[in-house]
Amino acid sequence: DASYFTPQPMLPDAKRWFRINVIGGLYSEVSWRQMWEGIVLWASKRPPTAVPVAVDYYGTDQALFHAWASRDAGRVVAEYKGFVAPEVLAQACQNAAINAYVGHFAGFHHKLLELLSCGRPLLVCPKERAESKRFCVEVGGVLLEAETSEAIASMLDRAEADWNRWAAPAPNNRCQRFSWDAQTERLERVCVDVARRKRPRASVA
């Protein structure tokens, strides 16, 4: 959606909360539990003067989200957002301290690419595929991978250092090379090239 490539307005509370957006299906309870416990572990070690931590979930696995997020989370405030319009999600993700998702490696990389286009660090549990990592390098995105709660806490330390320097939403326009329009043009060029190569040569009498 074009909203991801458009600079979104800064939310009034963008710097008053360390906001972690969890996006899409949660798929694996094991991975979601590790992510949640890592967030809680990290938040519990922060000084009392640090800004509070919020976890907003944009997805449809409400029961699985609340199965862990409803537990005693200390200084973490969890909220189920459900399904929202693309422009609303784009604004939320461009304003996040970090966006996160539970890895599910059976399909295309649309979630990864949409979130990378928002210009914020991206946390995934478990670790991503080699192709996804290559996409991140190509567009200059920040992909933080972890498979344990301790590793997730460590990744959030890195994300907070980045967030302390962050000033305003700024989409990563290098991701436009993977947009539907760009890929359609690429496919068209490939098809034209193949058609030219297969064009029968004129016979010589």
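The structure under discussion appears in the preceding block.
Procedures and definitions
- Residues numbered from 1 in each chain as written.
- Predicted model: local features only at pLDDT ≥ 70, side-chain atom pairs only at ≥ 80, totals over all residues.
- Heavy atoms only, no water.
- Core = buried A, V, L, I, M, F, W, Y, C linked by side-chain atoms within 4.5 Å.
- Buried < 20%, exposed > 50% of the residue type's maximum accessible area, 1.4 Å probe, protein only.
- Helix = DSSP H or I, 4+ residues; strand = E, 2+ residues; numbered from the N terminus.
- Contact = heavy atoms within 4.5 Å.
- Pairing = 2+ DSSP bridges.
- Axes fitted to C-alpha atoms, helices over the stretch in contact; angles between N-to-C directions.
- Salt bridge = Lys/Arg side-chain N within 4 Å of Asp/Glu carboxyl O.
- Arc of directions from axis to C-beta.

A few points about the nonpolar core
For step 1, the next point in the chain: In this structure, F18, I20, W32, M35 and L156 are the most contacted members of the largest nonpolar core, which totals 34 residues.
For step 2, the next point in the chain: If you list the elements that add at least two residues to this core, you get β1 (18–23), α1 (29–44), β2 (53–58), α2 (62–69), β4 (98–102), β5 (122–125) and α6 (149–165).
For step 3, the next point in the chain: Setting aside chain neighbours within four positions, we find I20 in contact with I39, V53, A54, V55, D56, I98, A100 and L156.
For step 4, the next point in the chain: Counting residues in each nonpolar core, the second largest holds 19 residues, with Y4, Y101, L112 and V124 among its members.

Some details on the sheet that holds β1
For step 1, the next point in the chain: In space, the six strands of this open sheet follow the order β3-β2-β1-β4-β5-β6, with parallel pairing throughout. Whereas interior strands pair on both sides, the edge strands pair on one side only; in this sheet they are β3 (76–80) and β6 (143–145). Across the sheet, the mean angle separating the axes of adjacent strands is 25° when strand polarity is ignored.
For step 2, the next point in the chain: Summarising the sheet, β2 and β3 pair through five bridges and their orientation is parallel. Residue V53 lies in a different strand from β3, and its bridge partner there is V76.
For step 3, the next point in the chain: Of the strands in this sheet, β2 and β3 touch α2, which is tilted by about 165° from β3.
For step 4, the next point in the chain: Most of the contacts of α6 go to β1, to which it runs at about 125°, and overall it touches β1, β4, β5 and β6.

Thoughts on the pattern of salt bridges
Close approach of charged atoms allows side chains of opposite charge to pair.
For step 1, the next point in the chain: This model, assessed by the stated rule, comprises ten salt bridges.
For step 2, the next point in the chain: Of the charged contacts, one joins R134 and E131 as a salt bridge, the two residues approaching to 3.7 Å between their closest N and O atoms. With R134 and E131 both in helix α5 (residues 130–139) and three residues apart, this pair spans about one turn of that helix.
For step 3, the next point in the chain: Overall, E131 belongs to the partly exposed group, its relative accessible area being 39%.
For step 4, the next point in the chain: The partner of E138 in a salt bridge is R134, and the shortest N-O contact between them spans 2.8 Å. Here E138 pairs with R134, and both are found in helix α5, just four residues apart, close to one helical turn.
For step 5, the next point in the chain: Owing to a relative accessible area of 23%, E138 belongs among the partly exposed residues under this scheme.
For step 6, the next point in the chain: Owing to a relative accessible area of 42%, R134 belongs among the partly exposed residues under this scheme.
For step 7, the next point in the chain: Each of D13, R19 and D56 takes part in salt bridges that share partners, so that together they form one network.

Focus: α5
For step 1, the next point in the chain: For α5, every residue scored as buried is listed here: S132, F135, C136 and V139. Buried residues of α5, seen end-on, are gathered within an arc of 100° and therefore sit on one face of the element. Facing away from the buried surface of α5 by more than 90 degrees, the exposed residues are A130 and V137.
For step 2, the next point in the chain: Buried residues belonging to α5 abut α4 (110–116) and β6.

The analysis is restricted to geometry; functional conclusions fall outside its scope.
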